[in-house]
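Summary of the model geometry
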Number of protein chains: 2
Amino acid sequence: MSVTIKDIAAFVGVSYSTVSLVLNGKAAENRISAELEKRILAAAKELNYRPNTLARGLRRGVTNTIGFVISDVSNRFFIKLARYVEKEAMKYGYRVLFASSDEDENRCVEVVNTFLNQQVAGLIIIPAEGLEEKIAQLTNLKIPFVLVDRHFPKIDANYVVMNNWQSAYDATEYLIKKGKKRIATFSYATNFFHMAERLDGYKAALKDYNIRFDRQLVKEVPFLDNEKSEVLLGEYIPHLVEDLNIDSIFFQTNSTAIPGIQILYERYIRVGKDISVICFDDNEFFKLLMPPVSSLLQPIEEMGIESVRILIDEIKNKRAKRMKNKTVYSAKLIDRNN
Amino acid sequence: MSVTIKDIAAFVGVSYSTVSLVLNGKAAENRISAELEKRILAAAKELNYRPNTLARGLRRGVTNTIGFVISDVSNRFFIKLARYVEKEAMKYGYRVLFASSDEDENRCVEVVNTFLNQQVAGLIIIPAEGLEEKIAQLTNLKIPFVLVDRHFPKIDANYVVMNNWQSAYDATEYLIKKGKKRIATFSYATNFFHMAERLDGYKAALKDYNIRFDRQLVKEVPFLDNEKSEVLLGEYIPHLVEDLNIDSIFFQTNSTAIPGIQILYERYIRVGKDISVICFDDNEFFKLLMPPVSSLLQPIEEMGIESVRILIDEIKNKRAKRMKNKTVYSAKLIDRNN
DNA sequence: ATGAAAGCGCTAACAT
DNA sequence: ATGTTAGCGCTTTCAT
């Protein structure tokens, strides 16, 4: 059995509430003598006391934990984001629990519930599609939360997202200005608002430059693991290149970009076919490919920090907060002249 | 406030212990009528009851959680491992909590303590250097744990690791058989046993093929973020290529391979210099580089599954277990003919 | 077949 | 300045 405050109390010869006060740094305000404080602290250390987080959380009603729901762990963007979130939360004295939903609605609901059961102080969520109803529920529960990367226009919630329309517009315009006219684009098959915004940005750029929108050049790929994505893209890409005569591709998501680039480079670009590529989200290898791949760089660190800031703010001022915080970032186009 | 079993009890009009029994699936064995069971379940659903994990854990003394300590989140290998661990643990009904130590001893101790405070049922740890003492403590605490990727020869603990010596030997031999003679190698500056094994494997291969070991060709890089690694490698690599006339590199770690390859390809290989590269750990982009990069592929999924299996086994048979489980995997050399 | 009650470890209000 | 005590939500043993 592990050491409890009662053991410390018995060891030092005081009541266990005194121990609790000292251990919580409330010695001074309760006028507990410095000498006793020191003895208690020493005893705790000697006995290797470790506070039971469950008991403390149960008693207090909340914990100093926040839950982070990641949609897709194989996406570097989310992992980096998680890292910054953890680092930032630590500054405020909060621990972060992680869980992944694999872009699955039910799994997402499940992990959110698990977090709620754990009495987390708040949530940071990269929501899966179809989570709208659950998110609405959270609002009723009065639990602070922030949506990241994606949000639901109909729900008034805190969010931290990208300016998807503008970013997609910029990417498309970049290709157009390089003289490209047959611009394919890959998106993630979803009803998510943010993907619609990206497609609209793409269309708008085409329109502004008088390029006819061709429905055939838009490929929507469901969320799959890397292997299955490769199979699917292994059908789409040859069709686009050989039959539809494309001269460039704008990958709207990391999950299509990685397998897409693999196929594209192995089968076409490396053997001399000139197809320009630009992707949402940068990757450390893009600059090493021949030719390199351009990208839309997202301000991951800022997004992580901001998410935590918003969340902690709401946790601390629970009652006061009325207005939800909506932050929209711009991507930076990394021009690798490809 | 949230809904408790008391609320359900009041709602249905029974005592709250009855509710507890039903909710724990012990209705039958306590001969609670099927009808009442149904009413209680319905009430729980209707009131949107969510069990308080803290209270349950406090009462039970353990939780169905296991803690996973990751050393370096920027390493894809560990992220993938984490994913498989989570998936496998779920099959046994366990949740996985994640935390990263950033290869820092103190941070590692901290997160292990946090996990212990949370009453986790067991731990899976990718230990940071210097964690030996803490690991020994864990043994005394009788908490089940498994070390992954690295272990301490002096400590009798469960572990799941690679055959580092053989893998390094194979990689070096691969380069030698391609006719390379000036083989540089990058390792992680540490006293870790597994890195020493890799260096020994490298040396052994050189010796077997009568190539003189040159201390200057061995570079040890401390654990740094990607940016700082690039700076450091930006000094080492030109020196190796220009002054020491190397013809190949064996990167012993992912953390040196990624920035190393970046510098190598940008400054030398892309402009015609012929330097073969092989790395511990594969990467999806290796095959796309020109020339491609060979690698030692680790059986990540098996390692994850095995770690969980060992851990759960020890959790379930706490008292019985005497022998520790030591699993060693072999890497597969991916020959990209570079 | 159902209820009463103890107690897990801790915090904090109240007492002395 | 330190001690007493109630109770957070739950499980489980023992009564009835």
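Scroll up for the structure.
Described in the following lines is the structure provided in the data block. (Residues numbered from 1 in each chain as written. Chains lettered and ligands numbered in written order. Predicted model: local features only at pLDDT ≥ 70, side-chain atom pairs only at ≥ 80, totals over all residues. Heavy atoms only, no water.)

1. Focus on the overall build of chain A
Assigned secondary structure in chain A consists of 12 helices and 12 strands. In summary, chain A has a C-alpha radius of gyration of 26 Å against a globular reference of 20 Å for 338 residues, an excess of more than 25%. Taking the principal axes of its C-alpha atoms as reference, chain A extends roughly 85 × 40 × 30 Å. Taking all 338 residues of chain A together, the buried fraction comes to 55%. Counting contacts in chain A only where the partners sit at least 6 residues apart, residues at least 24 apart contribute 69% of the total. About 15200 Å² of surface is accessible on chain A, with carbon and sulfur atoms providing 49% of the total. If the 47 positive side-chain charges of chain A are averaged to one point and the 43 negative ones to another, these points end up 7 Å apart. (Helix = DSSP H or I, 4+ residues; strand = E, 2+ residues; numbered from the N terminus. Rg over C-alpha atoms; globule rule 2.2 N^0.38 Å. Buried < 20%, exposed > 50% of the residue type's maximum accessible area, 1.4 Å probe, protein only. Contact = heavy atoms within 4.5 Å. Areas by Shrake-Rupley, 256 points an atom, 1.4 Å probe, with all protein chains shown as cover. Lys, Arg positive; Asp, Glu negative; His and termini not counted. Charge placed at Lys NZ, Arg CZ, Asp CG, Glu CD.)

2. Quick word on helix α1 (residues 5–12) of chain A
Since one α-helical turn is 3.6 residues long, residues separated by three or four positions face the same way. Residues and elements named next belong to chain A. Looking only at α1, the buried set comprises Ile8, Ala9 and Val12. The arc that holds every buried residue of α1, seen down its axis, measures 100°, which confines them to one face. Turned more than 90 degrees away from the buried face of α1, the exposed residues are Lys6 and Ala10. (Arc of directions from axis to C-beta.)

3. Considerations on the relation of the copies chain A and chain B
Of the two same-sequence chains, chain A is brought onto chain B (RMSD 0.1 Å, axial shift 0.1 Å) by a rotation of 180°. In symmetry terms, the pair is related by a two-fold rotation axis. Across chain A, the rotation axis passes nearest the C-alpha of A:Leu54, at a separation of 2.4 Å. The residues that chain A uses at the interface reappear at the interface of chain B in 100% of cases, marking a shared surface. (Least-squares fit on C-alpha atoms with pLDDT ≥ 70 in both.)

4. Digging into the sheet that holds strand β4 (residues 145–148) of chain A
All names here are of chain A. Across the sheet, six strands lie side by side as β2-β1-β3-β4-β5-β11; this open sheet has parallel pairing. Every other strand in the sheet has two partners, leaving β2 (95–100) and β11 (326–329) as the edge strands with one partner each. For this sheet, the mean angle separating the axes of adjacent strands, direction not counted, is 15°. Taken together, the six bridges between strand β1 (residues 65–70) and β2 define a ladder with parallel strand orientation. Looking across to β2, one finds that Thr65 is bridged to Arg95. Its contacts with the sheet place helix α12 (residues 300–316) against β1, β3 (122–125), β4, β5 (158–162) and β11, and it is angled at close to 170° to β5. (Pairing = 2+ DSSP bridges. Axes fitted to C-alpha atoms, helices over the stretch in contact; angles between N-to-C directions.)

Limitation: the analysis is restricted to geometry and does not speak to function.
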